[in-house]
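# Summary of the model geometry
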Amino acid sequence: MKNLRFLPLVAIPAFLAFTQPETELTFSPSKDASIEITFENSAEFFLDDFSASVMGNDMTAMLGAVDMSMNMEMESTFTDNYSSVRGGRPVSFERTYGAANIGGDFTGSSDGESESESFSIDSALEDSTVRFTWNEDDEEYTRAFVDDEEADESLLEGLFPRLDLSFMLPEGEVNPADTWAVDPIQLASLMIPGGDLAYDIEGRDDADFSDFEGAMGNEEAYAAVSKLMEGDVTATFKGMGEDDSSHLAEILIEVDISGEEDFADMVADAIRKGLEASGQDVPMDQIPEFNTFAMAVGLEGEGTLIWDMRSGHVSSFSMSSEIELALAMNMSFDMEGMAGDAEGEVVLGGAAEINMEASY
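About the cut-offs
Residues numbered from 1 in each chain as written. Predicted model: local features only at pLDDT ≥ 70, side-chain atom pairs only at ≥ 80, totals over all residues. Heavy atoms only, no water. Helix = DSSP H or I, 4+ residues; strand = E, 2+ residues; numbered from the N terminus. Buried < 20%, exposed > 50% of the residue type's maximum accessible area, 1.4 Å probe, protein only. Contact = heavy atoms within 4.5 Å. Areas by Shrake-Rupley, 256 points an atom, 1.4 Å probe, with all protein chains shown as cover. Patch = residues over 30% accessible without salt bridge, like charges linked within 9 Å, V, L, I, M, F, W, Y side chains within 5 Å. Salt bridge = Lys/Arg side-chain N within 4 Å of Asp/Glu carboxyl O. Expected span 1.5 Å × (residues − 1). Core = buried A, V, L, I, M, F, W, Y, C linked by side-chain atoms within 4.5 Å. Pairing = 2+ DSSP bridges.

## A word on the overall build of the chain
The helix and strand inventory of the chain stands at five helices and 15 strands. Taken across its 360 residues, the chain has 36% of its residues classed as buried. Within the chain, contacts between residues separated by at least 24 positions form 72% of all contacts whose residues are at least 6 apart in sequence. Within the structure as shown, the chain displays about 21,300 Å² of accessible surface, and the carbon and sulfur contribution to it stands at 48%.

What follows is the structure, encoded as structure tokens:
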């Protein structure tokens, strides 16, 4: 019976742990906060499977052993200066674009012959500053260059405003081991941080796409990418750090994506509009008809998000994943008296790394 007297004392630690206040993770940087964000992403791909046939003839055997590998690295730096933040959203901020580069190498071989190429392209936005302002009525950000009247405003269209990763945060308060879902398509944006940074691709400046509206509007593109990114992205709150890291919250991100979409209609429309915009006189009946142009994406991995409670902003994010990309195509053609079908399939395997750091 004496031991029963100590039961309340033994239960105190468990009771205190149970009654600890929940944690609320919010995006809340202070006004005039200046935060530098750096991404270092990498990916590698290799040919896992390949097949092709034209008019019933197996082209795979004719091409012999086919192999391919590609490595790619992407580095980019941004500095965000916040003027106004409200309700977990930056209402007005300016972003200065630092150096950004995509580089890598490609190696391909067929029937015993191989070829290798390397590439390195830089962003034309380096040292540019863009002001993003939230438009409540349109529910989107307006964009404008700061102190650069000669800047090409068409470069603003492909920019992604948000880089703070707050889309991974839960709604409301959480306890350790609590889980919630993250929108997979938002995760896809981290693969190309900042969006289209006007990389110096050969021929970009000389091309005239002023009359080319493109085959996909924003809503159609969003729907297509959503199909490719179907699956589960799950976040789990692991708790707060200890001692000097007690202001840092750790969130585990687990990714299991498996999606596919057929882009046949979009590809055919893009080819047609591209020919019209270029002025080339190509009879429409000579344009191949795409019966299938299907893409599939498989993505499996996990990462860690560290959220700084003091600054109300992400501190770091890292993720490793295995990737599988597949493209299956079938088209019909009737050109210069030759008619038939062609089909092929390419499957790529690989891995990707995303690493992001923020400094204040």
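Still more ground to cover, so stick around.
## Side note on a nonpolar patch on the surface
Nonpolar side chains collect at one region of the surface, where Val54, Met55 and Met338 lie side by side and expose about 260 Å² of accessible area between them. For Met55, a relative accessible area of 43% gives the class partly exposed.

## A few points about the pattern of salt bridges
This model, assessed by the stated rule, comprises four salt bridges. Between Arg162 and Asp164 there is a salt bridge, with the nearest N and O atoms lying 2.6 Å from each other. What makes Arg162 partly exposed here is its relative accessible area of 27%. Linking Glu261 and Lys227 is a salt bridge whose minimum nitrogen-to-oxygen distance equals 3.8 Å.

## So, helix H5 (residues 264-278)
In a regular helix each residue adds 1.5 Å, so 15 residues correspond to 21 Å; H5 covers 21 Å between its end C-alpha atoms and thus fits that length. Directly beyond the C-terminal end of H5, a positive phi value near 85° is found at Gly279.

## With respect to the nonpolar core
A general tendency of soluble globular proteins is for nonpolar side chains to be buried together. One finds Phe39, Leu165, Met168, Ile251, Leu305 and Phe317 to be the most contacted residues of the largest nonpolar core, which totals 59 residues. Not counting chain neighbours up to four residues away, the residues in contact with Met168 comprise Trp180, Val182, Leu187, Leu190, Ala235, Ile253, Leu305 and Phe317. If you look at the next biggest cluster of nonpolar residues, it comprises twelve residues, including Ala224, Phe290, Phe293 and Ala342.

## Focus on the pairing of strand S5 (residues 89-110)
Pairing of strand S4 (residues 66-86) with S5 involves 19 bridges; the strand directions are antiparallel. Of the residues in S5, the one forming a bridge with Asp67 is Ser109. Taking the residues that link successive antiparallel strands as the turn, the S4-S5 hairpin has two residues, and the phi of Gly87 there is positive, at about 60°. With five bridges joining them, S5 and strand S7 (residues 129-135) adopt antiparallel strand pairing.

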